[in-house]
Amino acid sequence: MRVIIEPDYEALSKWAANYVANRILAAKPTPEKPFVLGCPTGSSPLGLYRNLIDMYTAGKLSFQNVVTFNMDEYVNLPEDHPESYHSFMWNNFFSHIDIKPENVHILNGNAHDLIAECNHYEEMIAEAGGVDLFMGGIGPDGHLAFNEPGSSLSSRTRIKTLTTDTIHANSRFFNGDLSLVPKQALTVGIGTVMDAKEVLLVCSGHNKARALKHCIDGDISHKWTSSMLQMHPHAIVVCDEAACDELTVGTYKYYLDKERGNL
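Please read these numbers as outputs of a predicted model, since none were measured by experiment.

As for the overall build of the protein
Point 1. The number of helices and strands found in the protein is 8 helices and 10 strands.
Point 2. The C-alpha radius of gyration computed for the protein amounts to 18 Å, which stays within 12% of the reference 18 Å derived for 263 residues, consistent with globular compactness.
Point 3. Here the protein holds 263 residues, and the buried ones make up 56% of them.
Point 4. Look at the contacts in the protein between residues 6 or more apart in sequence, and 78% of them connect residues 24 or more apart.
Point 5. Approximately 11,700 Å² of the protein is accessible, and the part contributed by carbon and sulfur atoms is 51%.

Here you go:
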């Protein structure tokens, strides 16, 4: 695992965006062989998306030959609801770049058969050749996508019932009304993410410090599902100083030295 420590959220977002852009450019994607990008939602990737939009606007990057697969979507929330992840992605990213609508894939939380929808999503990822780079964030309890504590580390795309902590955390998007927060979601599994050729997580703020510690410096555990990325051959975590508050001095210095080329 590679860990990048940046001073603040803006710096980590810029580093992450530059990495994603460079991977797309290096792949030289074509219509026949597109670059497959996994996309998260939430507050963590907003800076990353803004930087990618700026690169597109400046003519430095195109998404014409990029295919995307989102991590998750709420169950029984209309796609046009302002807090659906369909709305989030189009409002914060897709509407501002040149991606083709047919290349965007987001789970349908209103499908008649949710199990079939999840299975079909896995099939579409496989048909696309697998995900080249899966971006993501880390929840305060260490969850990745909606793989809450206790999720199988070999899980695939499926229906998940959200924990009380997640419902409370997400209530800020629903005027603080817990009754309005969906209680279930469709999500890619940890196994799905692990199948990606590369994984890039962003982690910011003191409230994520405990999760970051378990992710990069703790035991691999289904209680902290993002810790499974310790087993991925090409995983990167980009974090800021505040998120490092619970790391040991030795761990903190190790990753700083490693990026400076001293190790």
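Still to come is the rest of the account.
Concerning the nonpolar core
Point 1. Ranked by internal contacts, the top residues of the largest apolar core, which has 44 residues, are Phe134, Val193, Leu212, Ile216, Leu229 and Cys239.
Point 2. At the level of elements, β1 (2-6), β3 (66-70), α4 (114-127), α6 (190-194), β9 (198-203), α7 (209-217), β10 (235-240) and α8 (249-259) are the ones that each hand at least two residues to this core.
Point 3. Residue contributions to this core peak at 5 residues, all from α4.
Point 4. Counting 43 residues, the second-largest nonpolar core is a separate cluster that includes Leu37, Cys39, Leu48 and Phe93.

Side note on the environment of Gly261
Point 1. With respect to the secondary-structure elements, Gly261 resides in the segment after α8.
Point 2. Residue classification places Gly261 among the exposed residues on the basis of a relative accessible area of 57%.
Point 3. The spacing of Gly261 and Gln184 is 77 residues in sequence and 45 Å in space, taken between C-alpha atoms.

Focus on the side chain of Lys208
Point 1. Secondary-structure assignment places Lys208 in the loop between β9 and α7.
Point 2. No salt bridge is formed by the buried Lys208; its nearest oppositely charged neighbour, Asp141, is found at 8.8 Å.
Point 3. The residues contacting Lys208, other than those within four sequence positions of it, are Ser44, Ile138, Gly139, Pro140, Cys203 and Ala243.

Some thoughts on the pairing of strand β2 (residues 35-39)
Point 1. Among the 5 residues that make up β2, 5 are buried, leaving the element largely enclosed by the rest of the structure.
Point 2. Side chains Phe35, Leu37 and Cys39 project from β2 onto one buried face, and the interleaved Val36 and Gly38 project onto a second face that is buried too.
Point 3. Summarising the sheet, β2 and β3 pair through 5 bridges and their orientation is parallel. Bridge pairing in β3 places Phe35 opposite Val66.
Point 4. Note: β2 against strand β6 (residues 133-137), 2 bridges, orientation parallel. Counted as the bridge partner of Gly38 is Phe134 from β6.

Observations regarding the packing of helix α2 (residues 46-57) against helix α3 (residues 85-92)
Point 1. At a minimum axis distance of 10 Å, the contact between α2 and α3 shows a crossing angle of 40°. Of the possible angle classes, the one that applies to α2 and α3 is oblique. Residues Leu46, Tyr49 and Ile53 of α2 pack against Phe88, Met89 and Asn92 of α3.
Point 2. For the contact of α2 with α3, a count of residues per class yields 5 nonpolar, 1 polar and no charged.

So, the packing of aromatic side chains
Point 1. Applying the stated criterion across every chain, the model contains 11 aromatic pairs.
Point 2. With centroids separated by 6.0 Å and ring planes inclined at 75°, the aromatic side chains of Tyr74 and Phe174 adopt a geometry described as edge-to-face. Placement of the pair is Tyr74 in strand β4 (residues 72-74) and Phe174 in the loop between α5 (164-170) and β8 (184-187), with a sequence separation of 100 residues.

Let's talk about the sheet that holds β4
Point 1. Spatial ordering of the open sheet is given by β4-β8-β7, a layout of 3 strands whose pairing is antiparallel. On the outer flanks of this sheet lie β4 and β7 (158-161), each paired with one strand and no other. Here the average twist between neighbouring strands, direction ignored, is 30°.
Point 2. Sitting on the sheet, α4 is in contact with β7 and β8, with an inclination near 125° to β7.

A word on the sheet that holds β10
Point 1. Strand order in the open sheet made by the 7 strands is β1-β10-β9-β6-β2-β3-β5, with parallel pairing throughout. Strands at the two margins of the open sheet, each flanked by one partner only, are β1 and β5 (104-105).
Point 2. The sheet contact formed by β6 and β9 spans 5 bridges and is parallel. Bridge pairing in β9 places Met135 opposite Leu200.

What counts, and at which threshold
- Residues numbered from 1 in each chain as written.
- Predicted model: local features only at pLDDT ≥ 70, side-chain atom pairs only at ≥ 80, totals over all residues.
- Heavy atoms only, no water.
- Helix = DSSP H or I, 4+ residues; strand = E, 2+ residues; numbered from the N terminus.
- Rg over C-alpha atoms; globule rule 2.2 N^0.38 Å.
- Buried < 20%, exposed > 50% of the residue type's maximum accessible area, 1.4 Å probe, protein only.
- Contact = heavy atoms within 4.5 Å.
- Areas by Shrake-Rupley, 256 points an atom, 1.4 Å probe, with all protein chains shown as cover.
- Core = buried A, V, L, I, M, F, W, Y, C linked by side-chain atoms within 4.5 Å.
- Lys, Arg positive; Asp, Glu negative; His and termini not counted.
- Salt bridge = Lys/Arg side-chain N within 4 Å of Asp/Glu carboxyl O.
- Pairing = 2+ DSSP bridges.
- Axes fitted to C-alpha atoms, helices over the stretch in contact; angles between N-to-C directions.
- Parallel < 35°, antiparallel > 145°, perpendicular 65-115°, else oblique.
- Nonpolar A, V, L, I, M, F, W, Y, C, P; charged D, E, K, R; others polar.
- Phe/Tyr/Trp six-rings, centres within 6.5 Å; stacked < 30°, edge-to-face > 60°.

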